[in-house]
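Observations on the model geometry
Here is how the chains run, residue by residue.
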Amino acid sequence: MSSAHFSFLVILANFASCCSASVSETLPGSSAFLSVGGPLTPDDLLLRAADETLGMGHGVGLERLQVIRDTLSTSWRSLPKSYSGRVDRGALGYALNRYFMKTYSLSVMGLEMDVNGTITEAEQDPYLSEVSSFFAQMAPERSFSFEEGVAAAVMIEELIANFEREILEEVYEQKEVQGTLSDEELDPIMRSFTLNWLLHADPVLTVKAEKHPSSVIEEWPSVLDLLDGIPRNSKYFSGTFSKKASEARKVTGGISNPMSVKYDFEDVHNLMRDFTRSFGNYTQIQCDTVRAKLTKMDTSNTGRVPLATFHKAALDGDWHFSESLTYLRHLGAVDESSAWHGPRVIIPNYIQSASNCLVAAADYRVCCQTQCESYMDVFEAAVEGPTAEPDVILALTAKIIEENSEGQFRFPSSLRQQLLKISRANHGRVPLHGRLFAQWLHYAFPSECPFPHVSGSVDKYELPPNFERALASTTEMRKNAAARVPSMKAGARPQSRSNEEESDWMTHWIHEEELISQIHLEAPWETRALPILKNVVGAIFCLVALRGLVYAFSGLRNVDVFRKPLDEKHHMI
């Protein structure tokens, strides 16, 4: 084991022991280093972390660790940090949120922070407490190194794997499975797991889906197509399991007999783990289809669709657009700031809302990604810091737009002014990880970047308490569809609108800042000067201490130890 690898294991153990989060007890023989009941001791963590990072079973091997590091590194370099290069809890949650969304299309519950950098209140689900309590038990003032951020990603992946393990255990009990499974016996287990995983939040629907899955999950035939590729397309199947198959062929004298290879519980769990992690690729296809339909309805290119048009599409047979106005408000997917335009559905907010999350598991949601993720990557990679000058942001934005559209781009004056206004409040620079910049990005890319609501005003992933109707009635949809739809110049891009249109376009703007981190963002001169001053002062103290030590050991208080060697030689002569 390399020294760097061992250092990571020590960091992982120390990081988890500081958090002291309790985790659910799982099946015996789990390879997950979190699969024990009660708080974990540092020795337990180090042992289990070693198993996972060395790749024993289907865990987090060296290759996987490198993928996590590579994915996290771009965002991490741009985060606000202390002078020791560490981030606070809010910045850590942001980085992990982006990692899981970009990698798996997962929105992990418990990672989102409020404006004060504290954990937002999570639902009181017996499973949901895992990730939430993991972060909630950290001291608010705790800071994190990059390797600790990687360790946190590893631990959350294991928490999610443990949740899925519990679902598979329930399926085994329901089906009274004992021992290993053949290929033929594996198929119904995979189907039952998938139904339980997709519908975990609703046991009644799960029972109904076991008999008639297509009546509950309209996309079930497509899901079956995905399952048909498991295990043959699984990374686990092509790696660890292929070795087991080779051993089985040796036992049978080299004859390739599918029945000679059996799947034990760990095999099935690892196969389904690969399936759930790749499910985001399937959901993204559905997301892109919905986005394309909404974009076609957005004739004004504002990233907004009139509620009348939205519900008219539902009445015309597109059931996907059937949410009630009340539910859309709760999700933060409707803009009612303009009396002239009336309520309009905000495309990127709707795409990322619970309505389009095909899996609502305990600790996470499998939801839609937006193009804004890749745009943010561009800013973070180019700036490599928490703030940027307005001209740099404008140049990067123009480059992104020119690469994704035809024609020359010209910024609307309102966008320029809003960006300058943000920078004036921050020593001439714009914080990249604040609500105001996210809002600016929404107006620069209205169909791709979601509008960032003020903390606590919406809940894009959950229904409100005692909420009975998420879908609009036919009467409500007919009433909304009959409403007048004001027209803006058809096809007008934001930069080509008239002054009146531009003013009305940004009525939703709220000039209220919220930063992901409580670490102070200094002015450029403060950032450069203070570390230099600290180094100079430190060097002076070191020189003084060195001089004192020389005096103490030599006893020659009249000798100037800082004389040049030539001067000392001349003095001795």
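We now turn to the structure provided with this report. (Residues numbered from 1 in each chain as written. Predicted model: local features only at pLDDT ≥ 70, side-chain atom pairs only at ≥ 80, totals over all residues. Heavy atoms only, no water.)

**A few points about the packing of helix α3 (residues 62-78) against helix α16 (residues 372-383)**
Each pair of packed helices can be described by the angle between their axes along with the distance between the axes. Under the convention used in this document: An axis is simply a line fitted to the C-alpha atoms; with a helix, the fit covers only the stretch in contact. Between two such axes, the angle follows the N-to-C directions and lies from 0 to 180 degrees. Working definition: helices are DSSP H or I runs of at least four residues, strands are E runs of at least two. Numbering for both runs from the N terminus. The labels follow the angle: roughly parallel below 35 degrees, roughly antiparallel above 145, roughly perpendicular from 65 to 115, and oblique for the rest. Crossings are classed by handedness, with left-handed meaning an anticlockwise turn of the near helix from the far one by less than a right angle and right-handed meaning a clockwise turn. In this description, contact between two residues means that some pair of their heavy atoms is separated by no more than 4.5 Å. Each residue gets one of three labels, nonpolar for Ala, Val, Leu, Ile, Met, Phe, Trp, Tyr, Cys and Pro, charged for Asp, Glu, Lys and Arg, and polar for the others, Gly among them.
At a minimum axis separation of 8 Å, α3 and α16 run at an interaxial angle of 60°. Put simply, α3 runs oblique to α16. In terms of crossing hand, the pair formed by α3 and α16 is left-handed. The residues of α16 that touch α3, namely those facing T74, S75 and S78, are D377, E380 and A381. Split into classes, the residues belonging to the contact of α3 with α16 amount to 1 nonpolar, 3 polar and 2 charged.

**Some points on the pattern of salt bridges**
Just so we agree on the cut-off: Salt bridges are counted wherever a side-chain nitrogen of Lys or Arg sits within 4 Å of a carboxyl oxygen of Asp or Glu. Each residue is placed in one exposure class: buried if its accessible area under a 1.4 Å probe, protein chains only, is under 20% of its type's maximum, exposed if it is over 50%, and partly exposed if it falls in between.
Taken as a whole and judged by the stated rule, the model has 21 salt bridges. K293 serves as the salt-bridge partner of D318, at 3.1 Å between the closest nitrogen and oxygen. Residue D318 is found in the loop between α13 (307-315) and α14 (325-331), and its partner K293 is found in helix α12 (residues 265-297); the two are separated by 25 residues along the sequence. For K293, a relative accessible area of 36% translates into the label partly exposed. Across the pair R429 and E389 runs a salt bridge whose closest N-O atoms are separated by 3.9 Å. Highlighted residues: R429 in the loop between α18 (413-424) and β10 (430-431) and E389 in the loop between β9 (387-388) and α17 (390-404), separated in sequence by 40 residues. The exposure class of R429 is partly exposed, given its relative accessible area of 21%.

**What about the sheet that holds strand β5 (residues 334-335)?**
Strands belonging to one sheet form pairs held by backbone hydrogen bonds; the direction of such a pair is parallel or antiparallel. What counts, and what does not: Pairing between strands requires that DSSP locate at least two bridges from one strand to the other.
What the 3 strands build is an open sheet, ordered β4-β6-β5; its pairing is antiparallel. Unpaired on one side and paired on the other, β4 (304-306) and β5 mark the two borders of the sheet. Inspection of the sheet shows β5 paired to strand β6 (residues 344-346) by 2 bridges, in the antiparallel sense. Residue D335 lies in a different strand from β6, and its bridge partner there is R344.

**Quick notes on the state of the cysteines**
Simply put, disulfide is the name for a covalent bond between the sulfur atoms of two cysteines. Counted only if it meets this: Sulfur atoms of two cysteines make up a disulfide when they are within 2.5 Å.
Taken as a whole and judged by the stated rule, the model has 3 disulfides. There is a disulfide in this structure between C287 and C368, and the S-S distance comes to 1.8 Å. Of note, the bridge from C287 to C368 carries an S-S torsion of about -80° and is left-handed in sense. Pair noted here: C287 is in helix α12 and C368 is in the loop between β8 (364-366) and α16, with a separation of 81 residues, a long-range link. Summarising the burial analysis for this pair, C287 and C368 share the class buried. Across the disulfide from C357 sits C367; the S-S distance is 2.0 Å. Every disulfide takes its handedness from the sign of the S-S torsion; for C357 and C367 that torsion is 105°, giving right-handed.

Note that all results are geometric; they support no functional claim without further evidence.
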